[in-house]
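Close look at the chain arrangement
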Amino acid sequence: DAGITQSPRHKVTETGTPVTLRCHQTENHRYMYWYRQDPGHGLRLIHYSYGVKDTDKGEVSDGYSVSRSKTEDFLLTLESATSSQTSVYFCAISSASLGTGEKLFFGSGTQLSVL
Amino acid sequence: QQQVKQSPQSLIVQKGGISIINCAYENTAFDYFPWYQQFPGKGPALLIAIRPDVSEKKEGRFTISFNKSAKQFSLHIMDSQPGDSATYFCAASKDRGSTLGRLYFGRGTQLTVWP
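For the structure given in this document, a descriptive report is provided here. If you're wondering where the values come from, they're calculated on a predicted model, not measured in any experiment.

**Considering the overall build of chain A**
Of regular secondary structure, chain A possesses 0 helices and 11 strands. The N-to-C order of helical and strand elements in chain A reads β-β-β-β-β-β-β-β-β-β-β. Taking 13 Å as the expected radius of gyration for a compact globule of 115 residues, we find that chain A reaches 13 Å, a close match to that expectation. Structurally, chain A occupies a C-alpha span of about 40 × 30 × 25 Å along its principal axes. Looking at chain A residue by residue over its 115 residues, the buried ones come to 50%. When contacts within chain A are restricted to residue pairs at least 6 apart in sequence, those whose partners lie at least 24 apart make up 55%. Here chain A displays about 4,900 Å² of accessible surface, and carbon together with sulfur accounts for 48% of that area. Taking the 11 positively charged and 12 negatively charged side chains of chain A as two groups, their mean positions are separated by 2 Å.

**With respect to the sheet that holds strand S1 (residues 4-7) of chain A**
In sheet architecture, strand pairing relies on hydrogen bonds along the backbone and comes in two forms, parallel and antiparallel. Residue and element names in this part refer to chain A. In space, the 4 strands of this open sheet follow the order S1-S3-S8-S7, with antiparallel pairing throughout. Looking along the sheet, the strands with just one partner apiece sit at the ends: S1 and strand S7 (64-70). If you compare each strand with its neighbour and ignore which way they point, the axes differ by 15° on average. Where S7 meets strand S8 (residues 73-78), 5 bridges bridge the pair, whose relative direction is antiparallel. Counterpart to lysine 70 in the pairing with S8 is aspartate 73.

**What about the state of the cysteines?**
Residue and element names in this part refer to chain A. With the rule as written, the count across this model stands at 2 disulfides over all chains. At a sulfur-sulfur separation of 1.9 Å, the disulfide partner of cysteine 23 is cysteine 91. As the torsion about the S-S bond is roughly -70°, the cysteine 23-cysteine 91 disulfide counts as left-handed. With cysteine 23 in strand S3 (residues 19-25) and cysteine 91 in strand S9 (residues 87-94), this residue pair connects regions lying 68 residues apart in the sequence. Here cysteine 23 and cysteine 91 have matching classes, each one buried.

**Description of the nonpolar core**
Soluble globular proteins tend to bury their nonpolar side chains together. Grouped together as the largest cluster of nonpolar side chains are 25 residues, with contacts concentrated most on Val4, Phe33, Trp35, Phe73, Leu75 and Tyr88 of chain B. Where this core is concerned, the elements lending two or more residues are strand S2 (10-14), strand S3 (19-25), strand S4 (33-38), strand S5 (45-50), strand S7 (62-67), strand S8 (72-77), strand S9 (86-93) and strand S11 (109-114) of chain B. Counting residues per element, this core draws most heavily on S9 of chain B, at 4 residues. Sequence-distant contacts of tyrosine 88 of chain B, defined by excluding residues within four places in its chain, comprise Gln6, Ile21, Tyr36, Gln37, Leu47, Phe62, Leu75, Ile77, Gly108, Thr109 and Leu111 of chain B. Counting 19 residues, the second-largest nonpolar core is a separate cluster that includes Tyr64, Leu76, Ala81 and Ile93 of chain A.

**Thoughts on the packing of aromatic side chains**
All names here are of chain B. A full pass over the atoms with the stated rule returns 21 aromatic pairs over all chains. Each ring, one from phenylalanine 33 and one from phenylalanine 66, has its centre 4.8 Å from the other, and the planes form 45°; the classification is tilted. Highlighted residues: phenylalanine 33 in strand S4 and phenylalanine 66 in strand S7, separated in sequence by 33 residues. Of the two residues, phenylalanine 33 and phenylalanine 66, neither departs from the other in class, the shared state being buried.

**A few points about the pairing of S8 of chain B**
Residue and element names in this part refer to chain B. For S8, the tally of buried residues reaches 5 of 6 residues, placing the bulk of the element in the interior. Pairing of S3 with S8, which is carried by 6 bridges, proceeds in the antiparallel orientation. Directly across from cysteine 23, in S8, lies its bridge partner phenylalanine 73. Here S7 hands over to S8 after 4 residues, with lysine 71 in that stretch at a positive phi of 55°.

**Quick word on unusual backbone geometry**
At the junction of serine 7 of chain A and proline 8 of chain A, the peptide bond is cis and its omega measures out at -10° in the coordinates. Even without being glycine, asparagine 28 of chain A reaches a positive phi, approximately 60°. Residue classification places asparagine 28 of chain A among the exposed residues on the basis of a relative accessible area of 61%. In this structure, lysine 71 of chain B is a non-glycine residue whose phi angle is positive, near 55°. As for its position among the elements, lysine 71 of chain B is in the loop between S7 and S8.

Thresholds, definitions, all that
Residues numbered from 1 in each chain as written. Chains lettered and ligands numbered in written order. Predicted model: local features only at pLDDT ≥ 70, side-chain atom pairs only at ≥ 80, totals over all residues. Heavy atoms only, no water. Helix = DSSP H or I, 4+ residues; strand = E, 2+ residues; numbered from the N terminus. Rg over C-alpha atoms; globule rule 2.2 N^0.38 Å. Buried < 20%, exposed > 50% of the residue type's maximum accessible area, 1.4 Å probe, protein only. Contact = heavy atoms within 4.5 Å. Areas by Shrake-Rupley, 256 points an atom, 1.4 Å probe, with all protein chains shown as cover. Lys, Arg positive; Asp, Glu negative; His and termini not counted. Charge placed at Lys NZ, Arg CZ, Asp CG, Glu CD. Pairing = 2+ DSSP bridges. Axes fitted to C-alpha atoms, helices over the stretch in contact; angles between N-to-C directions. Disulfide = S-S within 2.5 Å. Core = buried A, V, L, I, M, F, W, Y, C linked by side-chain atoms within 4.5 Å. Phe/Tyr/Trp six-rings, centres within 6.5 Å; stacked < 30°, edge-to-face > 60°.

Written out as structure tokens, the structure reads:
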């Protein structure tokens, strides 16, 4: 999966607990993204980063925060997990802005269940 | 508001048949239209893409047809094979040349090809 590692691959947690998902890339790509995938909703952008310490919100950012202290790592944090955040989370990377038609490479996903 | 509308949600085709998935958009600023293919347990991967300056693009058994005036585009899979069984996402992006371009995904079509 284009040098993208997501961890953990599976996680079960309880409502109200904090959760951090990690995305690590070895491609030295500038842009990194967090998506969630839910049946009937497709892929929805949570947050993205266009450089170290440069991040912005996507369309479903409420309840999530991100950090990028190094080019290779992009962390997604659920401050207080809720059942509505049960989903499959995908990290993606690109070497240039997607507005230029740049290809998006996805990781294998993290299945998160919030009980 | 769904930026890209995709149909059908699911599709069953016999081996050797033609699979057709349709997408529509409203924003005339969109200028790049990729299709992503996702197999179970994997992240989506770019399959084929088109820009609005052409009406059709073909790569092997996969063809994108683009109708700019109708603001619609579709994926045709000729001679469909069981190995094509996957979820397909259409997408669109704008802001060519912008540092903050992003992709808007349809909700996906689950294709099953019966042997």
